[in-house]
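Summary of structural features
Here are the chains, one letter per residue:
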Amino acid sequence: MRVTVFGIGYVGLVQGAVLAEVGHDVVCVDVVAGKVEQLKQGISPIYEPGLENLVKENYKAGRLNFTTDVAEAVRHGDVQFIAVGTPPDEDGSADLKYVLAVAESIARNMERDQIIIDKSTVPVGTADKVALHVASVLAERGRADLTFDVVSNPEFLKEGSAVADCMRPDRIVIGTSSKVSEDVVRELYAPFNRNHEKIIVMDVRSAELTKYAANCMLATKISFMNEMANMAERLGADIEMVRQGIGSDPRIGYHFIYAGAGYGGSCFPKDVQALIQAAEGIGFDATLLKAVEIRNDHQKRMLFDKISAHFFGELAGKTFALWGLSFKPNTDDMREAPSRVLMEALWEAGARVQAFDPEAMEEARRIYADRHELSLCNTKEAALEGADALIIVTEWQLFKAPDFEFIKSQMRAPVIFDGRNLFDPVRMSKKGIRYYSIGR
Ligand code: UDX
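This one's a predicted model, so the numbers in the text were calculated from it and none came from an experiment. (Residues numbered from 1 in each chain as written. Predicted model: local features only at pLDDT ≥ 70, side-chain atom pairs only at ≥ 80, totals over all residues.)

1. Some thoughts on the nonpolar core
Ranked by internal contacts, the top residues of the largest apolar core, which has 123 residues, are Val14, Leu322, Leu390 and Ile391. Top contributing element to this core by residue count: helix 9 (residues 204–235), with 10 residues. Two domains each put at least three residues into this core: domain 1 (2–202) and domain 2 (268–436). Once residues lying within four places of it in the same chain are set aside, the contact partners of Leu390 are Ala321, Trp323, Leu384, Ile407, Met411 and Ile416. (Core = buried A, V, L, I, M, F, W, Y, C linked by C-beta atoms within 7 Å. Buried ≥ 20, exposed ≤ 12 C-beta atoms within 10 Å, placed from the backbone. Helix = DSSP H or I, 4+ residues; strand = E, 2+ residues; numbered from the N terminus. Domains from an automatic or database assignment. Contact = placed C-beta atoms within 7 Å.)

What follows is the structure in structure tokens.
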């Protein structure tokens, strides 16, 4: 099938590459010429395991192309994917300007009937808005004879395993009331729908809400566990024991019940906020979602509060080693990362930070270019030198079995603040390390 994908970000690029890999003829289009040029040279603008190779090979094979030429791109596709960003507005609601701009481009350039597939995370009702917009442009062009359908097809990929998630999706949600569109989208995804049925067809609004409901449910699980962790600390219980105790109930499950330094990334914070705003828009008070967000904001301050309490509020002039800048392992993404809230609070209190991350160093350099209170170190060992304490914010594999004697030898005092509960508190105390973790 001939496929056009608007937006070369996480979702668009991965989806485009994966569709090409199974044999579709894909053109990805973006307004940023630099990205298109980079991709043609085989360089991926984002770090994602397996992506660069997939892009290179499919580009070489001629199944995957990149362009900034909107008219050419629209002409190419039998289906047109919208996979552009929906950044938060000032009030947290999703900003649809990029989505509607793509709708406009499609409407201005389409010369035959089209199926428009929305993959961006968009508020309920967006497909209807897109449809209205396309219809009005077609009318203006005198091409009201052309027909089209807007399908909602949300993306559930996770950063760090985006390619694998797309190659082996656990479900494929198709939101449409048109049998014709359903059949076309089914055919498109047939290579990913082997073994057992993964396609779930529903009306367009339910599909749009499914995406938000999934992310908000996961964020709720995390905030719930963080709330339990806070209570466990005060009650003398251990959240890691509680986690195993409840996770064994299949109705609860082991996934997404890890207490920690709070959730970050490009999805959870934004989507929880957007759904709260959407509720407000229809006169509904989403009390549970608001609490989820408040708990997460507190949780992102938790490590700082523990550090501040340990040093009796005297942080000025102190140096902290920090391991892990990205919002989670296997990505260089620092959007809404707990590390940022922590570092900014430490700087505010007059402390310095020596940080290391396996992938996010360049990103940190970009964000904090003018911060002299931040030293970016080449290794996790170098970050320890002369530090008053070590803080672990992201659970990279590389941090899970460090040489504790070496850590002790490098720091001014053997203190670890662990935002991801990587170590056993009893073992730490036997090693003579003052160890703070979450909920224990
Ligand atoms: C998420 C969804 O999982 C994905 O389905 C959706 O399409 C996009 O948003 P992502 O943001 O890439 O994906 O990361 P995810 O692995 O879900 O982690 C989100 C955040 O939650 C991270 O900051 C992580 O550290 C945190 N987290 C996760 C916890 O604090 N505890 C957990 O138990 C799980």
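2. Some remarks on unusual backbone geometry
Excluding glycine, residues mostly have negative phi values, and the peptide bonds linking residues are mostly trans. Phi is positive for Asn195, close to 45°, though the residue is something other than glycine. The phi angle at Glu336 is positive, at roughly 55°, despite the residue not being glycine. Take Glu336: it is sitting in the loop between strand 9 (319–323) and helix 13 (338–348). Note on Glu336: 19 C-beta atoms within 10 Å, which makes it partly exposed.

3. A short note on the packing of helix 9 against helix 12 (residues 287–310)
Two numbers describe how helix 9 lies on helix 12: the axes approach to 9 Å, and their chain directions differ by 55°. As summarised for this structure, helix 9 and helix 12 are arranged oblique, according to the angle between their axes. Where helix 9 crosses over helix 12, the handedness of that crossing is left-handed. Counted together, Cys216, Ala219, Thr220, Ser223, Asn226 and Glu227 of helix 9 and Leu288, Leu289, Val292, Arg295, Asn296 and Gln299 of helix 12 form the full contact between these two elements. Across the contact of helix 9 with helix 12, the residue classes break down as five nonpolar, five polar and two charged. (Axes fitted to C-alpha atoms, helices over the stretch in contact; angles between N-to-C directions. Parallel < 35°, antiparallel > 145°, perpendicular 65-115°, else oblique. Left-handed = near helix turned anticlockwise from the far one by under 90°. Nonpolar A, V, L, I, M, F, W, Y, C, P; charged D, E, K, R; others polar.)

4. Things to note about the site of the ligand
The ligand sits among 19 residues. The nearest are Glu159, Tyr258, Tyr263, Gly265 and Cys267. A per-element tally of the shell around the ligand places helix 9 first, with three residues. Of the residues contributing to the shell around the ligand, the split by class is 11 nonpolar, four polar and four charged. (Near = placed C-beta within 6 Å.)

5. What to know about the UniProt feature "active site" (unreviewed entry) in the protein
The UniProt feature table records "active site" (unreviewed entry) at Cys267. Looking at the secondary structure, you find Cys267 in the loop between helix 10 (239–247) and helix 11 (268–281). Judged by the 24 C-beta atoms lying within 10 Å of it, Cys267 is buried. (UniProt positions renumbered as here; feature names shortened; annotations may be inferred.)

6. Digging into the domain arrangement of the protein
Interface size is commonly expressed as the accessible surface area that is lost when the partners come together. By the assigned domains, the protein splits into domain 1 (2–202) and domain 2 (268–436). Each of domain 1 and domain 2 has a C-alpha centre, and these two points are 35 Å apart. On the domain 2 side, the residues contacting the 12 residues of domain 1 number 14 residues.

7. Concerning the UniProt feature "binding site: NAD(+)" (unreviewed entry) in the protein
Mapped onto this numbering, the UniProt entry gives "binding site: NAD(+)" (unreviewed entry) at Asp30, Lys35, Thr86, Thr121, Glu159, Lys270 and Arg335. An extended arrangement is adopted by the annotated residues: their sequence extent is 306 residues, and the largest C-alpha distance between any two is 24.4 Å. Turning to its location among the elements, Asp30 is positioned in the loop between strand 2 (25–29) and helix 2 (33–40). The residues contacting Asp30, other than those within four sequence positions of it, are Gly7, Ile8, Lys35, Val36 and Thr68. Mapped onto the elements of the fold, Arg335 is located in the loop between strand 9 and helix 13. Using a count of 17 C-beta atoms within 10 Å as the deciding quantity, one classes Arg335 as partly exposed. With near-sequence residues (within four places) excluded, Arg335 lies in contact with Gly264, Gly265, Ser266 and Phe327.

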